Amino acid sequence: MRPSLADRADLRRLRAHGGAAAALVVTGGLCGLPVWYTFRFALHRDADGLRRMLGDPEVGETVATTVGLAAGSVAMALVLGTVLAWSAHRLPRRQRALGLLPLAPLLLPQLPLVIGYAFLFSPTVGYVNQALRALPGLGHLREGPFDAYSVPGIVLVGGLYLTSFVYLFVASSLARLDPELIDAAAASGAGPTRAFVRVVLPLLRPALLYGGTTAALLGLGQFAAPLIYGRQAGISVLTTEMYHRTSTSPPDLPLAAAQGLPVLVTGLAFLAFQRLVLRDGDRFVTASARGARPAATGGPLARWGLALYGVVAAALPLAALLVVAVSPVWTGDVDPGTWTLAHVRTVLFDRGDVVDAVGHSLAYALATTLVVLPLAYLLAVLVHRRRSRLAAAVDLVAHLPLGIPAVLLGTGFLLASVASPLPLYGTPVALVLVYVTIMVPFAVRLQLAALAALGPEPTEAAAACGAGPLRRALTIELPLLRPALAGAAALVVVLATHEFSASLLVRSRDTQVMGTVLHDLWSFGSYPETAVMALLMVAVTGLGVAAALALGGRGLLPVQPRFAPVPVPVPVPVPVPARARRRR
């Protein structure tokens, strides 16, 4: 007996909800597992770990340092990122490539940049400090004037890194801003500064709110700079304390979980705050339909500001790494006559762990890509097509890792692998699971944007011709989404090879990756070899970025230099009949 239309509708609804429920279980399991075990270990045995953390006399100073570092970095990032985005927005067409410079810290791995800043601003043998002490009036100094191993130094490095995130959101919002509003303000007599403060800045509130809360989440969970610099000066934050508790022998896992609770609860609260405040963000949309571009009013100050940020945020630390890599030892002096490639040969040909780490990083990144792409595609399709509460829940859970610092996810997976009956600790499976959890939001967001651009017409036409869901996906959607899928795959490979914080928690001697080997070389004091390893990591990542741009095209860039103007229709001359011409 053939089912009725109502029965078939119920079956389709059941299949849709069943797929959403399965995706929710898989994604929720990956995201919820570290959260659950963090709470479980912290509250285990009458909250022993939590009570010991609260009874520690130094916990107040650690929390204050964590909050202070985050607040300082976020304040710097909000001001600098907004100014840079406004400067890039007003550049003329031929200079728009300068607008990509603030994105350099996002494309480069963070740990090599942090080590590069140490080579520049070490109080004794930092290259910048050595050069400044040679200036008149500063020759009496034996150290400084800058000190990377201090709270201001960590704030400066963290602020430069977080500036890229704020720039990303503000520049994207400015690209959708109706330029007629700025022209109207100028016609009313408002100068550029007044127009920016009275017109542009209020319209940027959603971008500033989203970028500020994202930067605050990253600032509270920052790990690389406090770990590298804080050990020299005795500066502790909650994330580094968690790592130290898990790396001691025997590890104190309940106390490590308790120290992660404040960051975890704050991150989840920020994520909920973002969703609550930005749910009516449509009222700030001012995009113009005629595609006009704002007048190019950016002067030399805007160009030099963007160039200076690119030099300080990326070029200088990379140059410091290059100089240390070819120097016999790191002394702070630049003497080309002593440069040698001995450390390069040692790292590339004599150290087997480096070759293994590069192979592990690439293999884990490719395995992560194979898992993330289909999972993210399923989630993106469900979120894009379904308007149910279950689809909204899937969207929320898929983006949950954005609210949890990577080091906390790594600690959660470490706790889960210890408590699990399966021998996951230190295995490649554990690393791949961590990477999948971290990468899912990025892949989902990319594929959601591609599905939105594709529109429903192709699949609706195929459905009208009788094609089922599987056939529509295999013959219509996936071929049309191939550039987006290729770009998402390349981006996942790049971000997975970047990863350091979570890898440090779940790695073992047999599963070292590039970031963990780089950290070990720095810890052992092999500075020239550390610089070579850092440059190798940058080179591998650079190849990944080039592949991502080649596969994904310009659409993969998080910020377009400027959206293309909508082509104006050209009037077509209507042919006049010969009889009418004679009549004229």
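Residues numbered from 1 in each chain as written. Predicted model: local features only at pLDDT ≥ 70, side-chain atom pairs only at ≥ 80, totals over all residues. Heavy atoms only, no water.

A. Spatial organisation of the overall build of the protein chain. When its secondary structure is counted, the protein chain shows 25 helices and 0 strands. Expressed as a percentage of the 584 residues in the protein chain, the buried residues total 49%. Within the protein chain, contacts between residues separated by at least 24 positions form 80% of all contacts whose residues are at least 6 apart in sequence. Carbon and sulfur atoms provide 66% of the accessible area of the protein chain, an area that totals close to 28200 Å². (Helix = DSSP H or I, 4+ residues; strand = E, 2+ residues; numbered from the N terminus. Buried < 20%, exposed > 50% of the residue type's maximum accessible area, 1.4 Å probe, protein only. Contact = heavy atoms within 4.5 Å. Areas by Shrake-Rupley, 256 points an atom, 1.4 Å probe, with all protein chains shown as cover.)

B. Examining the packing of aromatic side chains more closely. Enumeration according to the criterion identifies 12 aromatic pairs in this entry. Here Phe119 and Trp330 contribute two aromatic rings whose centre-to-centre distance is 4.7 Å and whose plane-to-plane angle is 75 degrees, an arrangement assigned as edge-to-face. Of this pair, Phe119 sits in helix H4 (residues 110-121) while Trp330 sits in the loop between helix H13 (300-326) and helix H14 (342-350), and the two are 211 residues apart along the sequence. Relative to Trp522, the ring of Phe119 lies with its centre 6.0 Å away and its plane at 55 degrees, an arrangement referred to as tilted. Taken together, the residues Phe119 in helix H4 and Trp522 in helix H23 (residues 514-524) connect sequence positions 403 residues apart. Phe119 sits in the buried class, given a relative accessible area of 0%. On the accessibility criterion, Trp522 (3% relative accessible area) is buried. An aromatic cluster is present here, built from Phe119, Trp330, Trp522 and Tyr527 joined pairwise through their rings. (Phe/Tyr/Trp six-rings, centres within 6.5 Å; stacked < 30°, edge-to-face > 60°.)

C. Geometry of H4. The end-to-end C-alpha separation of H4 is 16 Å, in line with the 16 Å expected for 12 residues at 1.5 Å each. The buried fraction of H4 amounts to 11 of the 12 residues, a majority that puts the element mostly inside the structure. Along H4, the residues classified as buried are Leu111, Pro112, Leu113, Val114, Ile115, Gly116, Tyr117, Ala118, Phe119, Leu120 and Phe121. (Expected span 1.5 Å × (residues − 1).)

D. Geometry of the confidence of the model for the protein chain. In the predicted model, the protein chain carries a mean pLDDT of 79, and 85% of its residues have values of at least 70. Ranking the elements of the protein chain by mean pLDDT puts helix H25 (residues 578-583) last, at 48, and H4 first, at 92. (pLDDT = per-residue confidence, 0-100.)

E. Representation of the nonpolar core in the model. By size, the foremost hydrophobic cluster in this structure holds 139 residues, and its most contacted members are Phe119 and Tyr229. In this structure Phe119 touches Val125, Gly126, Tyr127, Ala320, Leu321, Val324, Trp330, Trp522, Tyr527 and Ala531, once residues within four positions along its chain are discounted. Counting residues in hydrophobic clusters, the runner-up holds 5 residues, among them Ala104, Leu108, Ala314 and Val538. (Core = buried A, V, L, I, M, F, W, Y, C linked by side-chain atoms within 4.5 Å.)

F. Layout of the environment of Gln274. Checked against the element boundaries, Gln274 lands in helix H12 (residues 253-277). The exposure class assigned to Gln274 is buried, which follows from its relative accessible area of 6%. For Gln274 and Thr214, which are 60 residues apart along the polypeptide, the C-alpha to C-alpha distance reads 9.0 Å. Other than its neighbours up to four places away in sequence, Gln274 contacts Tyr210, Thr213 and Thr214.

G. Region of the structure containing the pattern of salt bridges. The final tally for this structure, using the stated rule, is 7 salt bridges. The partner of Asp48 in a salt bridge is Arg51, with the nearest N and O atoms 3.8 Å apart. Taken together, the residues span about one helical turn, with Asp48 and Arg51 both in helix H1 (residues 5-55) at a distance of 3 residues. On the basis of relative accessibility, which here comes to 25%, the residue Asp48 falls in the partly exposed class. Judged by relative accessible area, which is 49%, Arg51 ranks as partly exposed. Note that Arg507 and Asp520 form a salt bridge whose closest N and O atoms lie 3.3 Å from each other. Of this pair, Arg507 sits in the loop between helix H22 (501-506) and H23 while Asp520 sits in helix H23, and the two are 13 residues apart along the sequence. Classification of Asp520 as buried rests on a relative accessible area of 16%. Taken together, the shared-partner salt bridges in this structure form one network comprising Asp48, Arg51, Arg52 and Asp252. (Salt bridge = Lys/Arg side-chain N within 4 Å of Asp/Glu carboxyl O.)

H. Region of interest: the packing of helix H6 (residues 151-175) against helix H9 (residues 205-220). Interhelical geometry of H6 versus H9 gives an angle of 165 degrees and a closest axis separation of 9 Å. Judged on the interaxial angle alone, H9 and H6 are roughly antiparallel. When the axes of H6 and H9 are compared, the crossing they make is right-handed. Contacts between H6 and H9 involve Leu162, Phe165, Val166, Phe169, Val170 and Ser173 from the first element and Ala207, Leu208, Tyr210, Gly211, Thr214, Ala215, Leu218 and Gly219 from the second. Its residues assigned to classes, the contact of H6 with H9 comprises 10 nonpolar, 4 polar and no charged. (Axes fitted to C-alpha atoms, helices over the stretch in contact; angles between N-to-C directions. Parallel < 35°, antiparallel > 145°, perpendicular 65-115°, else oblique. Left-handed = near helix turned anticlockwise from the far one by under 90°. Nonpolar A, V, L, I, M, F, W, Y, C, P; charged D, E, K, R; others polar.)

I. Representation of empty space enclosed by the protein in the model. This model, assessed by the stated rule, comprises 3 cavities of 30 Å³ or more. Forming the boundary of the second largest cavity are Pro105, Gln110, Leu113, Val114, Tyr117, Val157, Leu160, Tyr161 and Ala313. Only H4 and H6 provide two or more residues apiece to the lining of the second largest cavity. With 4 residues, the single largest contributor to the lining of the second largest cavity is H4. (1 Å grid on protein atoms, 1.4 Å probe; cavity = no way out; pocket = protein on both sides within 12 Å on 5 of 7 lines; lining within 4 Å. Points joined across faces, edges and corners; volume = space filled by probe spheres on them.)

J. Molecular detail of unusual backbone geometry. In the segment running from Ser249 into Pro250, the intervening peptide bond is cis, with an omega of -5 degrees. Assignment of secondary structure puts Pro250 in the loop between helix H11 (238-247) and H12. The phi angle at Ala47 is positive, at roughly 55 degrees, despite the residue not being glycine. As for its placement among the helices and strands, Ala47 is situated in helix H1.

K. Just the packing of helix H15 (residues 352-385) against helix H18 (residues 428-454), in detail. Interhelical geometry of H15 versus H18 gives an angle of 40 degrees and a closest axis separation of 6 Å. As far as their axial angle goes, H18 and H15 are oblique. As for how H15 packs across H18, the hand of that crossing is right-handed. Its residues assigned to classes, the contact of H15 with H18 comprises 24 nonpolar, 3 polar and no charged.

L. A look at helix H10 (residues 224-233). Counting buried residues along H10, 7 of its 10 residues qualify, which places the element largely inside the surrounding structure. Along H10, the residues classified as buried are Ala224, Ala225, Pro226, Leu227, Ile228, Tyr229 and Gly230. Buried residues along H10 sit in contact with H4, H6, H11, H22 and H23. A positive backbone phi angle near 70 degrees is found at Gly234, which sits one or two residues after H10.

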